Amino acid sequence: MKDKAIVVIGGCGHVGLPLGIKLALAGARVVLVDINQGAVDKVNAGTLPFVEEGGVAQLEQALARGLVATTDADACDSADVCIFVTGTPVDEHLKPKVSAVDEVLAQYLPRLPQGALVIMRSTLFPGTMSYLRDRMKTTRPDLRLAFCPERVAQGKALKEIASLPQIVSAFDEDSFNAAYRLFAALAPTIIRLTPLEAEVTKVMANAWRYIEFAIANQFYVIADSNGVDFHRVYQALRYDYPRAAGYKAPGFAGGPCLFKDTMQLASFDEQQFHLGHTAMLVNEGLASFAVKKLTRLMGGDVKGRSIGILGMTFKAGDDDTRNSLSFRVRKDLEFAGACVMCHDPFFADSASLDDVLAQAEGFVLCTPHKEYRDLQISKPVVDVWGVLQQSEIEILPGRAKEETTPC
Ligand SMILES: NC(=O)c1ccc[n+]([C@@H]2O[C@H](COP(=O)([O-])OP(=O)(O)OC[C@H]3O[C@@H](n4cnc5c(N)ncnc54)[C@H](O)[C@@H]3O)[C@@H](O)[C@H]2O)c1
C-alpha cells in the first residue's frame, strides 16, 4: 500500500469517501476525483458532505496524510490503481442503466497509465464485468480489472470496511493478486469469487434484506387491517425466541440501494424474480397504506387539513433522502388535497418541530429519528415503526429455572 497512487472516481460519495480515507490512513497516496464541486470543497476543508460515523476525525487524519479531493481528472494520468464508485442506477423500466458505467469508464480509462489496476467498487448488474472485460479487450487490453463490491451499511462504512470480509474477484491471477493485496491491507478476511458470483452475491444480499423488510411490512398491514396491534405481536413472537431474533420490524424501506438492487436481480433473472417484485409492491405500498390509515383516523378526508410529516430522510440518524418514502407520503397527501408540513432534524430549512406539532392536525412518522422518540402526540398519528406508542406485552413468571419439568 505504501506510496501506491490510488484514484477514487466518485470519491466524495457515500462509498468512495470512506474507502479513500481508509486507503490514505493505510499509507496510500489517494486522490478523490468527483464531479461534485461542493462535495470536493467540503472534503478538502475537513467537512463531511454527509453523515458518517467517526468520519470527521478520520477525514482530518487522512487529509494530514495527503488525501486530496478534486474535480480534475489529471490524477488518473499517474495512478497505479483506479477505483470506480459512481452510481449504478436502474432506468425508468427498472432495468440496469449499464450506460452509466460505460460513460464514466469512457471518461477516465483512456488516461490511465499502462498496466494500471481498475477496481469496480459500485454494485454491478450481474454480467457487467464480462461486458467490461470484452470492451476493454479492444480499448485498453493492458489494464488489469477486478470487482470488489462494497457491502457496508450507509453511515457505518469507516467501521465496517475494517471489520467486514471483503469480496475480491477478477478474471485473471495478476488482477486478482493486485486487488487482493490492496484489500488485505484494510480488511480482516478476503473472500475470493468469480466476478459473476461476486456480482450476484452483492445484489442477492440487498434483495434478501429488502424482502425481509417486506415480510415485516406485509405482516404489519395484515395485522393492522384486522384490528390487531402488530407491535404487540412482534414483541411476543421475538420474546426469548431465538429463531425469531433476526425478524425485522416494520418501517419504510427506502434508500439508494435495496430497491434498485432488487430490480437488478429481477432483470438478471429476466423479470421472473416474483418475490422481489412483490417485495417492491409491499414496501412501496406501505406509504399509501399509511396515508389511507391517517385519512381514516381523521374522519375520512384530509382535504384542506394540515398534515405533518416527521422525518424526510430514508433512515434514522442519516441525512440522505435518496428514495425516501417520505416523499411518496407527501405526494399522496398533497394529491388528496392536504396542506403538508415537513420536518427533519437534518434540514435546517424545514419547518420547526414545534410549529409542525402545534399546527398540524394529524401526522405520519416517516423516519424514526431519535428526536421523535419521546414525543407525546395527542392528535391522530400513523407510526408504522411503533416508536411513539410503546405497546408493552405482559410477561409473567413461569417455572423457576432450577426446577425440573414434572413428568
Ligand atoms: N450508499 C451505500 O451505502 C452503498 C453501499 C454499498 C454499495 N453502494 C453502491 O456504491 C455505488 C455508489 O453509491 P453511493 O451511495 O456512494 O453514491 P453517491 O451518489 O453517494 O456517490 C457517487 C459519487 O460519484 C460522483 N460522480 C458521479 N459521476 C461522476 C463522474 N463522472 N466522475 C467523478 N465522480 C462522479 C457523484 O458526484 C457522487 O459524489 C452504487 O453502485 C451503490 O449501489 C452504495
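Residues numbered from 1 in each chain as written. Predicted model: local features only at pLDDT ≥ 70, side-chain atom pairs only at ≥ 80, totals over all residues. Heavy atoms only, no water.

Student: Which residues make up the domain arrangement of the chain, and what values go with them?
Tutor: Domain boundaries assigned for the chain yield domain 1 (5-193) and domain 2 (206-382). Each of domain 1 and domain 2 has a C-alpha centre, and these two points are 32 Å apart. On the side of domain 2, 18 residues touch domain 1, which itself brings 15 residues to the contact. For the pairing of domain 1 and domain 2, the buried interface totals around 1300 Å² over both sides, and the portion due to carbon and sulfur atoms is 55%. Viewed at the interface, domain 2 and domain 1 are joined by 0 salt bridges. Viewed at the interface, domain 2 and domain 1 are joined by 7 residue pairs in polar contact (both at pLDDT 80 or more). For the side of domain 1 that touches domain 2, a count of residues per class yields 9 nonpolar, 5 polar and 1 charged. (Domains from an automatic or database assignment. Contact = heavy atoms within 4.5 Å. Buried area = accessible area lost by both parts, 1.4 Å probe. Salt bridge = Lys/Arg side-chain N within 4 Å of Asp/Glu carboxyl O. Polar contact = N/O pair within 3.5 Å; in protein donor to acceptor, adjacent residues only side chain to side chain. Nonpolar A, V, L, I, M, F, W, Y, C, P; charged D, E, K, R; others polar.)

Student: Account for the pairing of strand β10 (residues 339-343), with residues named and values stated.
Tutor: Burial analysis of β10 places 4 of its 5 residues in the buried class, which makes it a mostly covered element. Of the pairings in the sheet, the one linking strand β9 (residues 306-310) to β10 comprises 5 bridges and is parallel in character. Across the sheet, Leu310 pairs through a bridge with His343, a residue of β10. (Buried < 20%, exposed > 50% of the residue type's maximum accessible area, 1.4 Å probe, protein only. Helix = DSSP H or I, 4+ residues; strand = E, 2+ residues; numbered from the N terminus. Pairing = 2+ DSSP bridges.)

Student: Run through the sheet that holds strand β3 (residues 68-70), naming residues and quoting values.
Tutor: One open sheet accounts for 8 strands, arranged β3-β2-β1-β4-β5-β6-β7-β8; its pairing is mixed. The open sheet has two edge strands with one neighbour each: β3 and β8 (190-193). Averaged over all pairs of adjacent strands, the angle between their axes in this sheet comes to 25 degrees, without regard to strand direction. Judged from the 4 bridges that link them, strand β5 (residues 117-120) and strand β6 (residues 144-147) form a sheet pairing that is parallel. If you follow Leu117 over to β6, its bridge partner there is Arg144. The sheet contacts of helix α4 (residues 98-108) involve β1 (5-9), β2 (29-33), β4 (81-84) and β5, and relative to β4 the element is tilted by about 155 degrees. In the packing of helix α8 (residues 195-225) onto the sheet, contacts are made with β6, β7 (166-170) and β8, and the angle to β7 comes to roughly 145 degrees. (Axes fitted to C-alpha atoms, helices over the stretch in contact; angles between N-to-C directions.)

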